[in-house]
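Given next are the chains, with one letter for each unit.
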Amino acid sequence: MATTQENIAENPEETQPALDAHGQLHVTEQRIDAATGGQLWIVSLVTQPDPGLRIRIPSQAHDRQQILKTLTDQSEEVKLHLVKRPTDQCYEVLHAEPTLPDAKRAVHDEEGLVYTRTRELDDRVDELFQHAIQARIFAIQAKLLNDDKLFGPIVAHAKDVFAAQMQALGDMRATDVLGSLFDHGVGPSLEGAKTTYADAMMGRQLTGKGEVERIYYDSGIPLGQQIKVPEEPAVWAATVANYALQRAVYDYMHAFMCQTVPGEDGVPISFLQRVEANLVMQRLLYGFHPARTSADYVHLGTRLSGRLISATLQGVVCSMGGRAANEDYDLVTPNTAAPGRDEHGRPCSLQSYLYDKAYQAGQINHYADHEKNNGEPCDYLKKLNAACQESADEYVAAKETAVARATDRAMANGRTRLSDPGKLLKKMLEEFATAEKGLLSIFDEVEQSPPLIF
C-alpha cells in the first residue's frame, strides 16, 4: 500500500511538495476506534517499522465507501492521501485510489503513445490541486468581503444551522421559535454579528461572565463533538449562533468549490478537472490522467476543499484575536507537533505562515493595532485576504512550473513528441472550456436561486 501525506503546515515557498511523505505501509492490526466508532488501522512503514502509526478510516458513509471499495477492489498497491491534525495521534484518509503500474499510465492520442505519466508527475499535479483550491477559496472570500448582498443567503442558512444544532444539543423548542431566537434573542453585546461577512467572522460569543470572546471551530465537524453544552442559556445560544455562522460560510464555500456542470455526455465536470484541463491547454501536460474518473476528481476535490476551507475560516478568526474552542480541532495555531517550520525554524501552519508573511511585508498590521485605531474589520480582512490571495497565486504558478519540469522528465523516458493536441484532445478541451464558464458563473446565480448554493 502506497501513501502520500498531505502536509497542510508546509512552507509553500520551498520546493518541497505539499504531498511529501511517501512510503510502503503494512497493516498490522484493524480495530474499531472507540472515540468515533470508525475503523482504525495500526500500520508500520515497511522500510522503517513503527507499530504506533495509526490510520483512521472516515465514518461518513460516502467517504468510507469510496475508500474501502478502492482497497478491496484492487489487488495492486493503493495510494492514500493522508492528513493529520497537530494534536491527533491518528492520520485520516482523505482519498484513496489505485497506484497504477507503468503499463496503465500510458497516455495516448490519435498518433499513439505520447508518454507515460509517472508517479512523480501525479504528485506534482496533486500538489497543484491543493494550492489551486486554496487560491480559489481566497477568491471566494474576496467576493464575500466586497459584496454584502452575497451574505444574505448565508445568514438565512445560518439560522437553519442554528436551529438544527440547538435541537441536536437537546433544545426541544420548535424550529421557528429557535429561528426567532437566532434573529433577535442572542444578546445586545453581539449586535451586528450577522450584518456582514467580516462581522460574522470575528467569531464573537459570550463567556459565563457575559463577556465577549472570539472563538473559532472546525466548521466541517458537528458542534457537539467539539464542546460541552454551556449551562447558561444566553451563553449556549451565543455559542451555537457563532458556530452556525461559521458553518454556514463553510457550507457556502464548500458548495461553490464542489459545484459541477454536466459535460456533453452528462458526466459532471468539476473544478479539479478544469485545473488539469488548463495544464493540458498550456501544454504543461500532454494528456489527462489515464485512470481517474470524473467521480475521482469530485471526491478528491470535495475532501481537499473541505479541509482547506475549515483552515481558512479558522485563520480569519484567529487573525482577529480568536482562539480555538477545542485544540483538538485547531488547524491553524502553530504547534510544537506541527511538521512545518517558518524561516526562523518555528512551527507553523499554512494560515499562520501566510499571516506572518503579510505582516512582515507590511501588507497588514496586527488586528489589535487596527482595532485601536477604530478600523473596521472588513477593511482589515480585505487587506489580509488580498495578501494571502497574492501569495496563493504565486504558489500556484510555482506548482505549475514543477508540473512542467516533471512532464519534461516523464517525456525523456517516453516518446518525446511535442505535437499539437489531436482532435480527441481538442474536443475534450473545448468541453472543459464550456464547463469553465458554468463554474465561474455561480456567483451571478446566487441572488436568483439561493437553493442551488445549499
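Fair warning: this is a prediction, and the values are worked out from it, not measured in the lab.

## So, the overall build of the chain
The secondary structure content of the chain amounts to 13 helices and 13 strands. By residue count, 53% of the 454 residues in the chain fall in the buried class. For the chain, restricting intrachain contacts to residue pairs at least 6 apart in sequence, the fraction spanning at least 24 positions comes to 65%.

## Comments concerning helix α7 (residues 271–281)
Of all 11 residues in α7, nine are buried, a share of seventy percent or more. Looking at α7, one finds that the buried residues are Phe271, Leu272, Gln273, Arg274, Val275, Glu276, Ala277, Leu279 and Val280. Taken from the residues just after α7, arginine 283 is the one with a positive phi, measuring 65°.

## Re the nonpolar core
Ranked by internal contacts, the top residues of the largest apolar core, which has 100 residues, are Tyr115, Phe162, Tyr197 and Met253. Here the element with the most residues in this core is helix α6 (residues 233–257); it accounts for 16 residues. When sequence neighbours within four positions are dropped, the list of residues in contact with methionine 253 reads Ile137, Ile140, Gln141, Leu144, Tyr197, Ile309 and Leu313. Grouped together as the second largest cluster of nonpolar side chains are six residues, Leu80, Leu82, Tyr91 and Ala96 included.

## Examining the packing of helix α2 (residues 119–146) against helix α8 (residues 294–319)
Between α2 and α8, the least distance of the axes is 9 Å, while the angle of their chain directions is 50°. Between α2 and α8, the crossing angle belongs to the class labelled oblique. Seen along the crossing, α2 lies across α8 with a hand that is right-handed. Contacts from Asp126, Phe129, Gln130, Ile133, Gln134, Ile137, Phe138 and Gln141 in α2 reach Tyr297, Leu300, Gly301, Leu304, Ser305, Leu308, Ile309, Thr312 and Val316 in α8.

## Here we look at unusual backbone geometry
Trans peptide bonds make up most of the peptide bonds, and negative phi angles are found at most residues other than glycine. Positive phi values are uncommon outside glycine, yet arginine 283 reaches one of about 65°. Looking at the secondary structure, you find arginine 283 in the loop between α7 and α8. We classify arginine 283 as partly exposed; its relative accessible area is 22%.

## Structural notes on the sheet that holds strand β10 (residues 212–216)
One open sheet holds the three strands; their spatial order is β9-β10-β13, and the pairing between them is mixed. The outermost strands of the open sheet, each flanked by one partner alone, are β9 (204–206) and β13 (323–324). Two strands pair when backbone bridges link them, and β9 and β10 are joined in this way by three bridges, in the antiparallel orientation. Counted as the bridge partner of glutamine 205 is glutamate 213 from β10. In this fold α6 packs onto β9 and β10, with an angle of close to 165° to the strand it touches most, β9.

## Looking at the confidence of the model for the chain
Detail in the predicted coordinates should be disregarded across regions flagged by low pLDDT. Taken over all residues, the pLDDT of the chain has a mean of 77, while the share at 70 or more is 69%. Below pLDDT 50 for its whole length, residues 1–22 participates in 82 contacts with residues either more than four positions away or in separate chains. Confidence drops under a pLDDT of 50 for residues 439–454, and excluding neighbours within four residues, the segment shows 34 contacts in the predicted structure.

## Comments concerning the pattern of salt bridges
All told, the structure shown has 14 salt bridges when counted by the stated rule. A salt bridge links lysine 149 to aspartate 147, with the nearest nitrogen and oxygen atoms 3.3 Å apart. Taking relative accessible area as the criterion, aspartate 147 reaches 24% and is therefore assigned partly exposed. Linked through salt bridges whose partners overlap, the residues forming this network are Glu120, Arg124, Glu127, Lys399 and Arg409.

## A closer look at the environment of leucine 284
Assignment of secondary structure puts leucine 284 in the loop between α7 and α8. C-alpha separation for the pair leucine 284 and valine 403, spaced 119 residues apart in sequence, amounts to 6.7 Å. Look past the residues within four positions of leucine 284 in its chain and what remains in contact with it is Leu279, Glu400, Val403, Ala404 and Thr407.

## Quick look at the packing of aromatic side chains
Counted under the stated rule, the structure contains four aromatic pairs. Plain terms: the ring middles of tyrosine 217 and tyrosine 243 are 5.7 Å apart, the flat faces sit at 85° to each other, and that makes the pair edge-to-face. Placement of tyrosine 217 in the loop between β10 and α6 and of tyrosine 243 in helix α6 is noted, with a sequence separation of 26 residues between them. A single burial state applies to tyrosine 217 and to tyrosine 243, both of which are buried. Relative to tyrosine 380, the ring of tyrosine 367 has its centre 4.9 Å away and its plane inclined at 65°; by these criteria the two rings are edge-to-face. Remark: tyrosine 380 occurs in helix α11 (residues 377–412) and tyrosine 367 occurs in helix α10 (residues 367–372); sequence separation between them is 13 residues. What makes tyrosine 380 buried here is its relative accessible area of 2%. Taking NZ or CZ as reference, arginine 292 lies 5.9 Å from the ring centre of tyrosine 297, over its face.

## Observations concerning the side chain of asparagine 385
Position of asparagine 385 among the secondary structure elements: in helix α11. On the basis of relative accessibility, which here comes to 4%, the residue asparagine 385 falls in the buried class. A polar contact is formed between the side chain of asparagine 385 and the backbone oxygen of phenylalanine 138, at a distance of 3.0 Å. In terms of polar contacts, asparagine 385 uses its side chain to reach the side chain of glutamine 141, at 2.6 Å. Not counting residues up to four positions away in its chain, the partners in contact with asparagine 385 are Phe138, Gln141, Ala142 and Leu145.

Cut-offs applied
- Residues numbered from 1 in each chain as written.
- Predicted model: local features only at pLDDT ≥ 70, side-chain atom pairs only at ≥ 80, totals over all residues.
- Heavy atoms only, no water.
- Helix = DSSP H or I, 4+ residues; strand = E, 2+ residues; numbered from the N terminus.
- Buried < 20%, exposed > 50% of the residue type's maximum accessible area, 1.4 Å probe, protein only.
- Contact = heavy atoms within 4.5 Å.
- Core = buried A, V, L, I, M, F, W, Y, C linked by side-chain atoms within 4.5 Å.
- Axes fitted to C-alpha atoms, helices over the stretch in contact; angles between N-to-C directions.
- Parallel < 35°, antiparallel > 145°, perpendicular 65-115°, else oblique.
- Left-handed = near helix turned anticlockwise from the far one by under 90°.
- Pairing = 2+ DSSP bridges.
- pLDDT = per-residue confidence, 0-100.
- Salt bridge = Lys/Arg side-chain N within 4 Å of Asp/Glu carboxyl O.
- Phe/Tyr/Trp six-rings, centres within 6.5 Å; stacked < 30°, edge-to-face > 60°.
- Lys NZ or Arg CZ within 6 Å of the ring centre and 35° of its normal.
- Polar contact = N/O pair within 3.5 Å; in protein donor to acceptor, adjacent residues only side chain to side chain.

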